[in-house]
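One-letter residues, chain by chain:
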Amino acid sequence: MEEAFSKIAGLGLYHNLFQFIDTNGNELHYHELPAYYRSMILERSVIINDNADLYVRFSVNDWLSADYWLLFYNTSSLSAIKDALVGRLEFIEGINLYSDALFFILVLTQCYVVLHEPIALTRYRIHVGQTSRKVLNGDLMDMAAKDHESFNRVIKERNTCR
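So, here is what we can say about the structure in this document. (Residues numbered from 1 in each chain as written. Predicted model: local features only at pLDDT ≥ 70, side-chain atom pairs only at ≥ 80, totals over all residues. Heavy atoms only, no water.)

1. Regarding unusual backbone geometry
Right, on to step 1. Positive phi is not limited to glycine here, since Cys-111 has a value of about 70°.
Right, on to step 2. Within the secondary structure layout, Cys-111 lies in the loop between helix H6 (99–109) and strand E4 (113–125).
Right, on to step 3. Since its relative accessible area comes to 37%, Cys-111 is described here as partly exposed. (Helix = DSSP H or I, 4+ residues; strand = E, 2+ residues; numbered from the N terminus. Buried < 20%, exposed > 50% of the residue type's maximum accessible area, 1.4 Å probe, protein only.)

Here is the structure:
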C-alpha cells in the first residue's frame with residue numbers, strides 16, 4: 001500500500017479488497033454470499049480520477065444504493081492521504097455513518113487519484129448475529145440524509161477540479 005502512494009502520481013486514496021469468512025474462519029466465495037454482501041465486492045483494479053459532481057445523488061435512497069459504494073465500503077480497507085483531509089475536519093466530524101465515503105469525496109474534489117486494488121487485506125466474519133445495521137433502526141435514514149447534505153455541500157463548496 002505505501003508503495004502505491006510512492007509510485008502513483010497524485011494518489012489520494014487507496015482501497016483494498018476485503019474477504020468474507022464464516023463463523024469458523026473459512027473463506028466464503030462470491031457465490032456463497034447473500035446478495036447484499038456480493039454487491040460490496042469489486043474484484044478488479046480500478047483507478048478513478050474524475051469530477052466529484054458525478055457522485056451527487058438526488059435522493060438519499062439513490063445515494064445509499066449507488067453502485068460506486070463498492071469503492072469505499074469501509075474505513076478499514078481505506079488509506080487516504082492526509083493532505084486531502086487536513087482543514088476539512090469539521091465535515092469529517094459531522095458525518096454520522098459514512099466517513100469513509102467522505103474521504104472518497106474529499107479526495108476526488110481535490111483532483112487526487114483513487115485506486116482500488118483487488119488484494120484482500122481485511123476479513124469480515126458473517127454470522128447470524130450481525131448487528132451493525134440493526135442498531136440504527138429508524139434513525140438510519142435521518143442520519144443518512146444529514147450525511148447526504150454534508151456530501152453535497154463538500155462537493156459544491158470544495159470542488160477544485162472544475
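2. Some words on H6
Right, on to step 1. Burial within H6 is extensive, with 10 of its 11 residues counted as buried.
Right, on to step 2. Listed as buried for H6 are Asp-100, Ala-101, Leu-102, Phe-103, Phe-104, Ile-105, Leu-106, Val-107, Leu-108 and Thr-109.

3. Description of the nonpolar core
Right, on to step 1. Among the nonpolar cores identified, the biggest contains 24 residues, and Leu-102, Val-114 and Phe-151 are the most heavily contacted of them.
Right, on to step 2. Those elements that place two or more of their residues in this core are strand E2 (46–48), helix H4 (82–85), helix H5 (89–94), H6 and helix H7 (139–158).
Right, on to step 3. If you tally residues by element for this core, the top one is H6, at eight residues.
Right, on to step 4. Residues contacting Leu-102, with those up to four places away along its chain left out, are Phe-91, Ile-92, Ile-95, Phe-151 and Val-154. (Core = buried A, V, L, I, M, F, W, Y, C linked by side-chain atoms within 4.5 Å. Contact = heavy atoms within 4.5 Å.)

4. Describing the side chain of His-116
Right, on to step 1. Structurally, His-116 can be placed in strand E4.
Right, on to step 2. Under the relative-accessibility criterion, His-116 is labelled buried at 2%.
Right, on to step 3. There is a polar contact of 3.0 Å between the side chain of His-116 and the side chain of His-15. (Polar contact = N/O pair within 3.5 Å; in protein donor to acceptor, adjacent residues only side chain to side chain.)

5. Let's talk about the pairing of E4
Right, on to step 1. Both strand E1 (residues 11–21) and E4 contribute to a ladder of 10 bridges, which runs parallel. From the neighbouring strand, His-15 faces E4, where its bridge partner is His-116.
Right, on to step 2. Across three bridges, the pairing between E2 and E4 is antiparallel. The residue bridging Ile-48 from the neighbouring strand is Val-114, located in E4. (Pairing = 2+ DSSP bridges.)

6. Looking at the environment of Ile-155
Right, on to step 1. Note on placement: Ile-155 falls in helix H7.
Right, on to step 2. On the basis of relative accessible area, Ile-155 is assigned to the buried category, the value being 0%.
Right, on to step 3. In sequence terms Ile-155 and Leu-102 are 53 residues apart; their C-alpha atoms lie 9.9 Å from each other.

7. Looking at the pattern of salt bridges
Right, on to step 1. Scanning the entire structure with this criterion turns up one salt bridge.
Right, on to step 2. Of the charged contacts in the structure, one is a salt bridge between Glu-3 and Lys-7, with a shortest N-O distance of 3.0 Å. Separated by four residues within a single helix, Glu-3 and Lys-7 lie in helix H1 (residues 2–7), roughly one turn from each other.
Right, on to step 3. A residue is classified by how much of its surface remains accessible, and Lys-7, at 63% relative accessible area, is exposed. (Salt bridge = Lys/Arg side-chain N within 4 Å of Asp/Glu carboxyl O.)

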